[in-house]
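Residues per chain are reported as follows:
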Amino acid sequence: MKKVEHIGIAVRELTTAIPLYEKLLNTPCYKTEPVASEMVNTAFFKTGETKIELLESTDPSGVIARFIEKKGEGLHHIAFDVEDIHAEMERLKQEGFELLNETPKPGADNKLVCFLHPKNTHGVLVELCMERK
Ligand code: ZN
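What's the story with the coordination of the zinc ion in this structure? I'm lost.
Octahedral metal centres with six donors ideally show angles of 90 or 180 degrees, and tetrahedral centres with four donors ideally show 109.5 degrees. Within the protein, the zinc ion binds to H6 (NE2), E53 (OE), H77 (NE2) and E127 (OE); these donor distances fall in the range 2.1 to 2.3 Å. Taken in chain order, the donor set of the zinc ion reads H-x46-E-x23-H-x49-E. Pair noted here: E53 is in strand β4 (residues 50–57) and E127 is in strand β8 (residues 126–131), with a separation of 74 residues, a long-range link. By relative accessible area, E53 is classed as buried at 6%.

Structure follows, in structure tokens:
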């Protein structure tokens, strides 16, 4: 894994979370993007090498809505940049990690992504992401 690419934070509403994070980080939100397949709207901020991704649910049955219902707003996942997502998924499978998707899927910010089950990672939802070429 190359670096922490971004940190995902679950929020109830982007309309209030974006201006707050702009103040906190002292940098403008540079992109908002819906990911229909995940039922989320995302908003991105650059903080050096690592980005912050805010996630708002677009549907009460979506993963982010259910996460907030159970745990409240807050840290949702850590995403690692990988060179070759297919190879990394294979390696982690061999190591006994459970992948939440068997093939990489399109994520926000022009990425291919895969999530690991948090039960194998001490409760942390881990995302692998690779720039789509
Ligand atoms: Zn993410």
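Just to check I follow, could you spell out helix α2 (residues 63–71) for this structure?
Every α-helix carries 3.6 residues per turn, so stepping three or four residues along brings you back to the same face. All of the buried residues in α2 are I64, A65, F67 and I68. Projected onto a plane normal to the axis of α2, the buried residues spread over an arc of 160 degrees and lie on a single side. Exposed and oriented more than 90 degrees from the buried face of α2 are E69 and K70. Buried positions along α2 lie against β1 (3–11), β3 (40–47), β4 and β5 (74–81). A positive phi of about 85 degrees marks G72, the residue just after α2.

Would you mind going over the pattern of salt bridges with me for this structure?
Any two side chains of opposite charge can pair if their charged atoms end up close together. Per the counting criterion, the structure on display carries 13 salt bridges. Where E33 meets K31, a salt bridge forms, and the shortest distance between an N and an O atom there is 3.9 Å. Using a relative accessible area of 23% as the deciding quantity, one classes E33 as partly exposed. Through salt bridges that share partners, E5, K31, E33, K51, D109, K111 and E131 make up one connected network.

Calculation criteria
Residues numbered from 1 in each chain as written. Predicted model: local features only at pLDDT ≥ 70, side-chain atom pairs only at ≥ 80, totals over all residues. Heavy atoms only, no water. Donors = N, O, S within 2.8 Å, 3.2 Å for Na, K, Ca; no water. Helix = DSSP H or I, 4+ residues; strand = E, 2+ residues; numbered from the N terminus. Buried < 20%, exposed > 50% of the residue type's maximum accessible area, 1.4 Å probe, protein only. Arc of directions from axis to C-beta. Contact = heavy atoms within 4.5 Å. Salt bridge = Lys/Arg side-chain N within 4 Å of Asp/Glu carboxyl O.

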